[in-house]
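Below, each chain spelled out in residue letters.
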Amino acid sequence: MLISPSLLSANFIDLKSDIEMINRSEADWLHLDVMDGVFVPNISFGFPVLQAVAKHCTKPLDVHLMITDPGKFTSQVRDLGAYMMNVHYEACPHLHRTIQQIHTAGMKAAVTLNPHTPVSLLEDIIQDLDMVLLMTVNPGFGGQKFIPHSIQKVQALRQLIQRTGSKALIEVDGGVNAQTAPSLAQAGVDVLVAGSYVFGAENPEQVIKELKTL
Ligand code: DX5
Ligand code: ZN
């Protein structure tokens, strides 16, 4: 299992210590949640903070844009040195073009689905994607309760990927913890995002290590 801890639940007064912990840990990526207060009912952090984080983090950056018109920021995300750029299906009327722009900029491209958006809508874009991020809570806040129906969506996405021969990874985001992670792994998830479960733990490195074994 690949693990992408979400910085949203880190200690913002001492981000450096948390990034050093991530660097030391077995985490595969660092998940960065950008919110604009329009696409989601919350605002997190923007490019000045991301640039500082990118400078100190040695893990590949998994940037999750919860913003309207995310394609507009492709070159700014690329300039961070980001590995993966995640854009929401619901925020991209010209999704195919946006995915092409992300690839042209030299990044991996992922499409994120809100809990109400069916996996079947990816039928005609799945072959172009490096990853699909399924929201397992409504986006905007850390520490929310996992939506159980998400398990069926992971299974449906796994089937779509197999049927089409797509190489896309499956990532899930929201409410991932010791209770929910095993069934997600069993349903076919490749990458777990975990915010409050990792950063709220007494020993975050141990939590990451345990999630990795799933
Ligand atoms: C929520 C964000 C998540 C968030 C997950 O909108 O996309 O990445 O940090 O937090 P937890 O793991 O606490 O549910
Ligand atoms: Zn996220």
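Figured I'd write up the structure that's included with this text. (Residues numbered from 1 in each chain as written. Chains lettered and ligands numbered in written order. Predicted model: local features only at pLDDT ≥ 70, side-chain atom pairs only at ≥ 80, totals over all residues. Heavy atoms only, no water.)

**Side note on the packing of aromatic side chains**
What counts is decided by this rule: For Phe, Tyr and Trp, rings pair up if their centres lie within 6.5 Å, where Trp contributes its six-membered ring, and each pair is then called stacked (planes under 30 degrees apart), edge-to-face (over 60) or tilted (otherwise). Helix and strand labels come from DSSP, where a helix needs a run of H or I of at least four residues and a strand needs a run of E of at least two; each type is numbered from the N terminus. Only protein chains enter the accessibility calculation, which uses a 1.4 Å probe. A residue is then buried if its area is under 20% of the maximum for its type, exposed if over 50%, and partly exposed in between.
Under the defined criterion, the tally for this structure stands at 3 aromatic pairs. Both rings, one in F12 and one in F45, keep their centres 6.0 Å apart while their planes meet at 75°; by these two values the pair is edge-to-face. One end of the pair, F12, is in the loop between β1 (2-5) and α1 (15-24); the other, F45, is in the loop between β2 (30-35) and α2 (47-56), with 33 residues separating them in the sequence. Under the relative-accessibility criterion, F12 is labelled partly exposed at 45%. Note on F45: relative accessible area 9%, which makes it buried.

**Description of α2**
Condition: Working note: the arc is built from the helix axis to C-beta atom directions. Note on contacts: a residue pair is in contact if any heavy atoms of the two residues lie within 4.5 Å.
Buried within α2 are the following residues: F47, L50, V53 and A54. Down the axis, α2 shows its buried residues gathered within 120° of arc, on one side only. Across from the buried face of α2, at angles greater than 90 degrees, the exposed residues are P48 and K55. Its buried side turned inward, α2 meets α1, β2, β3 (61-66) and α3 (74-79).

**Re the coordination of the zinc ion (ligand 2)**
Worth spelling out the cut-off: Counted as coordinating are nitrogen, oxygen and sulfur atoms within 2.8 Å of the metal, or 3.2 Å for Na, K and Ca, while water is not included, which may make sites look incomplete. By the criteria applied here, four donors are tetrahedral when all angles lie between 85 and 135 degrees, four are square planar and six octahedral when opposite donors are over 155 degrees apart and every other angle lies between 65 and 115, and any other arrangement is irregular.
Bound to the zinc ion (ligand 2) on the protein side are H31 (NE2), D33 (OD), H64 (ND1) and D173 (OD), at distances that span 2.0 to 2.3 Å. What the 6 donor atoms of the zinc ion (ligand 2) show is an angle range of 70 to 167° at the metal, which sorts the shape as octahedral. Linear spacing of the donor residues for the zinc ion (ligand 2) on their chain is H-x1-D-x30-H-x108-D. With D33 in strand β2 and D173 in strand β7 (residues 169-173), this pair connects stretches of sequence that are 140 residues apart. D33 sits in the buried class, given a relative accessible area of 4%. When its relative accessible area of 9% is taken as the criterion, D173 is described as buried.

**So, the sheet that holds strand β8 (residues 191-194)**
Counted only if it meets this: For two strands to be treated as a pair, DSSP must find no fewer than two bridges joining them. To get an axis, a line is fitted to the C-alpha atoms, and for a helix only the part in contact is used. The angle between two axes follows their N-to-C directions and goes from 0 to 180 degrees.
Pairing in this open sheet of 8 strands is parallel, and the strands run β1-β8-β7-β6-β5-β4-β3-β2 from one edge to the other. A single partner strand is all that each edge strand has here, and the edge strands are β1 and β2. Here the average twist between neighbouring strands, direction ignored, is 25°. Bridge count for β1 against β8 is 4 bridges, and the pairing is parallel. Bridge pairing in β8 places L2 opposite V191.

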